[in-house]
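Residues per chain, in single letters:
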Amino acid sequence: MIRYSRVVGTGGYLPEEVRTNEQISETVDTSDSWIYERTGIKSRRIAGAHESAASMAEIAARQAIEAAGCDPQTIDLIIVATGTPDLVYPSTGCLLQQRLGIKNAVAFDVQAACSGSIFALSIADQYIKSGAAKTVLVVGSEICSRIVDWTDRGTCILFGDGAGALLLSVTNEPGVLSTHIHSDGDFKDLLYCPLPQTSVNKNEQEAGYISMRGNEVFKVAVNTLGRIVDETLEANNMDRSEIDWLVPHQANIRIIAATAKKLKMSMKQVVVTLETQGNTSSASVLLAFNEAVRDGRIKRGQVVLLEAFGAGFTWGSALIKY
Ligand code: ACO
């Protein structure tokens, strides 16, 4: 039997606090109109003091498990994508495993910045296809508000907190059609976030916040995402007209629109959540996917293209028959 992985459940969590553009413009020199026109963002969610990547991951994961109607003890692999783990170690994956009380799974984290969910999905798919796992929990959880410098108007307007999850299970019909992941460390200086205690650079030790050359990141992101669309279609011998939905990483509406244009897709076929969520890094694609599944836009049998781009640079896509 040829093994494939298939999405059997999705979940998501957004913290309660809403931070609007107006609120941000009270503390840095910006405006609601500037932020909305340049990014498409109006507000974002901010996690409470009691919350963390693991606590948000737990809520999203429980939702995905419930939607799948599966016994959590059948999960044999847990992969958490996060750039904002609760601890350096144990991994957020292990913390999530403990919270869920799942005994016989292996758990670990994947760090690929905003592309983390696609990287995690790709690894999960390989494990299932190879026969090494049967049921895999994939979670992206981020508490970006704690690594954002709230005095830097170039970054603090962009990010938000949240968690998204999906459960993949083995099946003999596709499923995940293909995944494609890439990285290029040559771009490390355009977008990075140092961990003060372990940085060798003294300036970085003082900071501990996201540092980004936004305009340069923007240009590479648009070109790279255009290329990954071609790569994904070619690998599946598919025409762009066969894709029903685009679920992109939610960094900037202008980047999303450029990818949709490349696919000759109407924005009505694109799942956009960033207006009220901002960029939730590795959670964003999973949150958007969950939203469109739950509100009935994405239906069983439809073909969905997921894609993301982030620090590293890292980038990737997943083509899924839902
Ligand atoms: N409010 C008002 N003015 C601002 C703001 C702000 N919040 N931020 C920057 N400006 C100013 C700049 O100072 C500049 O002024 P100047 O012309 O006088 O020098 C002007 O606006 C234009 O600045 P740009 O940086 O060129 O603006 P741009 O149109 O590129 O928008 C943005 C900035 C929104 C950050 C955009 O570049 C972007 O979205 N970049 C990509 C982000 C991304 O995709 N990141 C990857 C994923 S994140 C991850 O992996 C963790």
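Refer to the structure above for everything that follows.
Below, the structure is looked at part by part. The shown structure was predicted, so the numbers you read here are calculated from the model rather than taken from an experiment. (Residues numbered from 1 in each chain as written. Predicted model: local features only at pLDDT ≥ 70, side-chain atom pairs only at ≥ 80, totals over all residues. Heavy atoms only, no water.)

**Observations concerning the sheet that holds strand β4 (residues 77-81)**
At step 1: What the five strands build is an open sheet, ordered β1-β7-β6-β4-β5; its pairing is mixed. At either margin of the open sheet sits one strand with a lone partner, and together these are β1 (4-13) and β5 (106-110). Within this sheet the neighbouring strands show an average axis-to-axis angle of 20°, counted without direction.
At step 2: Pairing analysis gives nine bridges linking β1 to strand β7 (residues 161-171), with the strands arranged antiparallel. Within β7, the position partnered with Arg-6 by the bridge is Ser-169. (Pairing = 2+ DSSP bridges. Helix = DSSP H or I, 4+ residues; strand = E, 2+ residues; numbered from the N terminus. Axes fitted to C-alpha atoms, helices over the stretch in contact; angles between N-to-C directions.)

**Side note on the nonpolar core**
At step 1: Counting residues in each nonpolar core, the largest one holds 37 residues, and the members touching the most others are Ile-243, Leu-246, Leu-263, Leu-305, Phe-309 and Phe-313.
At step 2: Of all the secondary structure elements, the ones that give two or more residues to this core are α7 (214-235), α8 (253-262), β12 (303-310) and β13 (314-321).
At step 3: A per-element tally of this core places α7 first, with seven residues.
At step 4: Of the residues that make up this core, three or more belong to each of domain 1 (4-173) and domain 2 (177-321).
At step 5: In this structure Phe-309 touches Cys-114, Ser-115, Val-217, Val-220, Ala-221, Thr-224, Leu-225, His-249, Thr-314 and Trp-315, once residues within four positions along its chain are discounted.
At step 6: One finds Ile-79, Leu-168, Val-293 and Leu-306 within the second-largest nonpolar core, a separate group that totals 34 residues. (Core = buried A, V, L, I, M, F, W, Y, C linked by side-chain atoms within 4.5 Å. Buried < 20%, exposed > 50% of the residue type's maximum accessible area, 1.4 Å probe, protein only. Domains from an automatic or database assignment. Contact = heavy atoms within 4.5 Å.)

**Focus on the site of the ligand**
At step 1: Surveying the vicinity of the ligand reveals 27 residues, the closest of which are Thr-30, Arg-38, Cys-114, Asn-215 and Asn-252.
At step 2: Side-chain polar atom of Thr-30 to a nitrogen atom of the ligand: 2.6 Å apart, as the coordinates give it.
At step 3: Interatomic distance of 3.1 Å between a side-chain N/O atom of Arg-254 and an oxygen atom of the ligand.
At step 4: When isolated, the ligand has an accessible area of 1,000 Å², and the protein chains bury 73% of it. (Near = heavy atom within 4 Å. Polar contact = N/O pair within 3.5 Å; in protein donor to acceptor, adjacent residues only side chain to side chain. Areas by Shrake-Rupley, 256 points an atom, 1.4 Å probe, with all protein chains shown as cover.)

**Quick look at the state of the cysteines**
At step 1: Evaluated as defined, the whole model comprises zero disulfides.
At step 2: Cysteine Cys-70 is unpaired, with the sulfur of Cys-94 as its nearest cysteine sulfur at 19 Å.
At step 3: Looking at the unpaired Cys-193, the closest cysteine sulfur is the one in Cys-144, lying at 9.5 Å. (Disulfide = S-S within 2.5 Å.)

**A word on a nonpolar patch on the surface**
At step 1: A cluster of nonpolar side chains, namely Val-88, Tyr-89 and Leu-195, defines an oily patch on the protein surface of about 380 Å² accessible area.
At step 2: Structurally, the position occupied by Val-88 is in the loop between β4 and α4 (92-100). (Patch = residues over 30% accessible without salt bridge, like charges linked within 9 Å, V, L, I, M, F, W, Y side chains within 5 Å. Salt bridge = Lys/Arg side-chain N within 4 Å of Asp/Glu carboxyl O.)

**Examining the packing of aromatic side chains**
At step 1: Scanning the model with the defined rule gives three aromatic pairs in all.
At step 2: Measuring from centroid to centroid gives 4.8 Å for Phe-187 and Phe-313, while their planes differ by 20°, and the two rings are stacked. Separated by 126 residues along the polypeptide, Phe-187 in the loop between β8 (176-183) and β9 (191-192) and Phe-313 in the loop between β12 and β13 bring together distant segments of the chain.
At step 3: Take Phe-187: its relative accessible area is 27%, and that puts it in the partly exposed class.
At step 4: An aromatic cluster is built from Phe-187, Phe-309 and Phe-313, whose rings are joined through pairwise contacts.
At step 5: Taking NZ or CZ as reference, Lys-42 lies 4.6 Å from the ring centre of Tyr-36, over its face. (Phe/Tyr/Trp six-rings, centres within 6.5 Å; stacked < 30°, edge-to-face > 60°. Lys NZ or Arg CZ within 6 Å of the ring centre and 35° of its normal.)

**Some details on the side chain of Asn-290**
At step 1: Examined against the element boundaries, Asn-290 turns out to sit in helix α10 (residues 284-294).
At step 2: Judged by relative accessible area, which is 7%, Asn-290 ranks as buried.
At step 3: Once residues within four sequence positions are removed from consideration, Asn-290 is found in contact with Thr-10, Gly-11, Gly-12 and Gln-63.

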